[in-house]
Each structure stands twice: as structure tokens, then as C-alpha cells.
Amino acid sequence: MKEYFISKSRRLRSTSYTSRIEEQGVTAYTIYNHMLLPTRFGGPLEELYHHLKEHVQVWDAAGQRQVEVNGKDSYKLVQLMTCRDLSKAKVGRCYYAPIIDDKAKLINDPVILKLSDQRWWISLSDSDVELFAKGLAIGNNFDVNIFEAKIDIFSVQGPKSFDLMAKVLGPKIRELKFFGFDYYEFGGSKHLIARSGWSKQGGYEVYMEHTEAGLALYDKLFEAGVEFNVKPGAPNLIERLESSLLSYGNDMDIGDNPLECGFDKYVNLESEVNFLGKEVLKKVKSEGVKKKLMGVKIDSKKINVTGSINMYDKNNKLIGELRSGSFNPMFKQVIGIAMVNKPYFKDTQEFQISIDGNNCTGKVCDLPFI
Ligand code: THG
């Protein structure tokens, strides 16, 4: 496939780390929340995939922007936007929480951090939630402030991330529980660090305020990480598919509701909390979904998904559409995420798909893959 350059401009915002990763050999960017997000360093993605599963990587993940909501009505507004019950949310915890509109359509699938009773960060996937939140606040006369916080996340991912972070920040960081966050001292300042990240290889995310000490911490991890074979990296398509981590805009979008995306765990319809789309979701739940996200395995060694690709059964009936995919070294074939129509939800449902003009066969499977 022919590759194209990105024309940089002020609108496609650089991050605190852009000059650093360009020295470190970044070779491709995508755009995420109007910001440069690296996708590749050096050679093939497969090399970075193996490295991520064995060692440790530091990622410029600043594209995961924080919308801060603070003020007297901040809980009311955050709860209005998500179908996950946050009434018992605790300070110091992260919550993966779908944001939906009044028709229960997915606006975003952020991680929400409760910083204090009247202060929240919504750590976004790729859509303009700040505008949506402002519209709701104005329409409801909420007493809140809403703005994009000056935070650039860097993510430390991989099995050796625990040893590396403990070496630099002290052993206490090993005690942090999954999706918890706390403050750790480095270079004379405190840094908010969560045990989270967009891989299943373990790790942390540093919510870096634009400070010298924050950048020094980024640099220090590379210096101290030599013994752990640290490398600059990026969210990895192969790993995230194998780990079944969904990507907003790719696997699901504003045409889908959270029950179609398998977010049942994060849809709380029994509690008293008030959120947009609640009655719609009750109806969807009682009637059952008409399409849903499933895994697929395809008999092919390569794929490049740049748009939806239709899937057909043996009678040439449309059964769904492939939305993401990549060759996976462990499965030794292409795996991907597809939106599958009812009544084709059966694990092992067979289908045909055209990849770059070649007819291939595949099978639907339940998620997660492993
Ligand atoms: N970290 C932060 N912000 C983010 C992401 C992140 N914003 C955008 C994007 N990633 C949001 N998407 C996801 C998807 C999955 C997870 C996190 C963010 C995730 N899920 C866990 C899982 O599926 O096992 C568990 C979630 C839970 O149980 O609460 O980690 O990566 N800051």
C-alpha cells in the first residue's frame, strides 16, 4: 500500500514529547483529538509488538486529552453523560465509562478519573467531548467549569514497566492497584500516575503537567531503562486487537450503542442515577441488540483496514462489516473486530470477505480472543 505524509500544522497539535520522539526515530503518526499520535518507530509493527510483550516501552499518549469538569454540579454533569453508575465513585480511581447521547449512541469511551468530589478528568478517546459537555452544561444551567487540562500523558507499558517505574520512583508504586491512581515524587514535584494503559501487557500512565520535572521523568525512564531494554513505542494495533481493547472511531462510533459494543458491564440501568439515553437503553436491553461487536479470524496473512469491509455468508447475504484487523503472529492469521448483524451471532459463523481484491474465508468468534 502506498503511504502518504501528514502535513503538520498548528491545528494538528504537537505534544510535549514531539521533538523527543522525532529524535528517537518515530516513523508514522495518526491524528487523535486533533493531535499527533505516534503509531510506529523504525521497522515493521510486528517487531514493536514482540518488544512490547517482552520488555517495556514509553509512549507519547498525549492525544488522550483530559476534559476537566469541576465545580458544584460537576458530578451531575459527568453522570448525565455516562451510562456507568458513578454515584459511588472514589477519589483515586479510574473508571472506563461509555459516554452516550439522548439516543444512547456512543459519543466516546473514556477513562474517567475522580480527582476530588468536585473535580473530574475525562480521559478521551477520539471525539470532541468538550463541546458536548459545554452544550449540556449551558442547556441545564449547571454550575461547572469545563476545559481541556494542560496534561500530556505518557504511558509506560510492558511486563518490565513495574521494575522500571520502581527503580525510578521507588517501590511504593508496585502497590498501586489496576485502575487506581496516586501521586509520586520526582524532581521536586508530585506526579499523578495511574496503573492503566492501552495494552494488556501491564503498566502505568503518567498524567504529565507541562513541567520541567515531568519532562525530566520522561527522559529519566530512558536513561534508567537501558537494563530493561526500554524503547520508545506507541499503541500497537496487533497487541490491542489480540487483547480486545476497542478503538473509538474504528471498532465503534456514534452509530452504535454501548450494548452493541459489549459494554454491558458498564451499563447500569437498575440504579436511580440520571443519564442521557437511559430509557432507550432499557428498551434495547429488553428487546435485545440487532447487531454486535464480535471477533473474526480470517484465512489471510495480511490486511490493511482503512474503511468498513462487508462480510457475506455462503448465500451472499450480508452478515456484517469488518472494522479493524491485522495479521497476528500468535494466531498466524488475520484477526479483527467486526459489527455482526443478527442472526449471525454464532461463534464459528463462516463468512467470505474480499481483501485487496482477493476472496478470503473467515470465522466469527466471541470476544475476547484470549
Ligand atoms: N488511558 C487513558 N485514557 C484513554 C485510554 C487509555 N482514553 C482513550 C482510550 N484509551 C479509551 N479506551 C480504553 C479502552 C480500554 C481500556 C481503557 C481505555 C481498559 N480496559 C480494561 C479492559 O478492557 O480490561 C478494563 C477497564 C475496566 O475494567 O474498568 O483498560 O488507555 N488514560
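Structural notes, computed from the coordinates. (Residues numbered from 1 in each chain as written. Predicted model: local features only at pLDDT ≥ 70, side-chain atom pairs only at ≥ 80, totals over all residues. Heavy atoms only, no water.)

### Focus: the site of the ligand
In the vicinity of the ligand there are 19 residues, among which Asp109, Ser123, Lys200, Glu205 and Tyr207 approach most closely. Leu124 is positioned with one of its backbone polar atoms (N or O) 3.2 Å from a nitrogen atom of the ligand. Within the side chain of Tyr266, an N or O atom sits 3.3 Å from an oxygen atom of the ligand. A breakdown of the residues in the shell around the ligand according to their chemical character gives 11 nonpolar, four polar and four charged. (Near = heavy atom within 4 Å. Polar contact = N/O pair within 3.5 Å; in protein donor to acceptor, adjacent residues only side chain to side chain. Nonpolar A, V, L, I, M, F, W, Y, C, P; charged D, E, K, R; others polar.)

### Description of the side chain of Ser243
On the secondary structure map, Ser243 appears in the loop between α7 (237-242) and α8 (278-287). Ser243 has contacts with Lys200 and Gln201, leaving out every residue within four places of it along the chain. (Helix = DSSP H or I, 4+ residues; strand = E, 2+ residues; numbered from the N terminus. Contact = heavy atoms within 4.5 Å.)

### Quick look at the pattern of salt bridges
Summed over the entire model, instances satisfying the criterion amount to 24 salt bridges. Residues Lys134 and Glu130 are paired through a salt bridge, measuring 3.0 Å at the closest nitrogen-oxygen approach. One end of the pair, Lys134, and the other, Glu130, are both in helix α4 (residues 129-140), four residues apart, so they sit about a helical turn from each other. The partner of Asp251 in a salt bridge is Arg240, and the shortest N-O contact between them spans 2.6 Å. Of this pair, Asp251 sits in the loop between α7 and α8 while Arg240 is found in helix α7, placing the two residues 11 residues apart along the sequence. Of the two residues, Asp251 and Arg240, neither departs from the other in class, the shared state being buried. Ionic contacts of the salt-bridge type, sharing partners, join the residues Asp256, Glu260, Lys291, Glu321 and Arg323 into one network. (Salt bridge = Lys/Arg side-chain N within 4 Å of Asp/Glu carboxyl O. Buried < 20%, exposed > 50% of the residue type's maximum accessible area, 1.4 Å probe, protein only.)

### Looking at the sheet that holds strand β10 (residues 145-148)
Read from one edge to the other, the open sheet built from five strands follows the order β5-β8-β9-β4-β10, with strand pairing classed as antiparallel. Either end of the sheet is taken by a strand with one partner, and the two such strands are β5 (94-96) and β10. Each neighbouring strand pair of the sheet contributes to a mean axis angle of 20 degrees, computed without reference to strand direction. Pairing analysis gives five bridges linking strand β4 (residues 66-70) to strand β9 (residues 119-123), with the strands arranged antiparallel. Along β9, the bridge assignment pairs Val69 with Trp120. Contacting β4, β8 (111-116), β9 and β10, helix α3 (residues 74-81) crosses the sheet at an angle of about 30 degrees to β9. On top of the sheet, α4 reaches β4 and β10; it is set at about 170 degrees to β10, its chief contact. (Pairing = 2+ DSSP bridges. Axes fitted to C-alpha atoms, helices over the stretch in contact; angles between N-to-C directions.)

### Some remarks on the environment of Glu287
Positionally, Glu287 belongs in helix α8. C-alpha separation for the pair Glu287 and Leu176, spaced 111 residues apart in sequence, amounts to 41 Å.

### What about the packing of helix α5 (residues 161-169) against helix α6 (residues 212-224)?
It is the contact of α5 with α6, at a shortest axis distance of 10 Å, that shows an interaxial angle of 115 degrees. Classified by chirality, the crossing of α6 by α5 is right-handed. Of the residues in α6, those touching α5 at Leu164, Met165, Lys167, Val168 and Leu169 are Leu217, Lys220, Leu221 and Ala224. Of the residues belonging to the contact of α5 with α6, the class tally is seven nonpolar, no polar and two charged. (Left-handed = near helix turned anticlockwise from the far one by under 90°.)

### Side note on α3
Burial of α3 is extensive: six of the eight residues sit out of reach of the surface. Buried residues along α3 sit in contact with β4, β6 (99-100), β8, β9, α4 and β10.

### With respect to the sheet that holds strand β12 (residues 181-186)
In space, the six strands of this open sheet follow the order β12-β13-β14-β11-β3-β15, with mixed pairing throughout. Lying at the two open borders of the sheet, with one neighbouring strand each, are β12 and β15 (231-233). With direction set aside, neighbouring strand axes in the sheet form an average angle of 30 degrees. Pairing analysis gives three bridges linking strand β13 (residues 189-194) to strand β14 (residues 203-209), with the strands arranged antiparallel. Bridge pairing links Ile193 to Val206 in β14. Lying over the sheet, helix α2 (residues 45-54) contacts β3 (57-60), β11 (151-157) and β15, oriented at roughly 120 degrees with respect to β3. Lying on the sheet, α5 is in contact with β11, β12, β13 and β14; it crosses β14 at an angle near 45 degrees.

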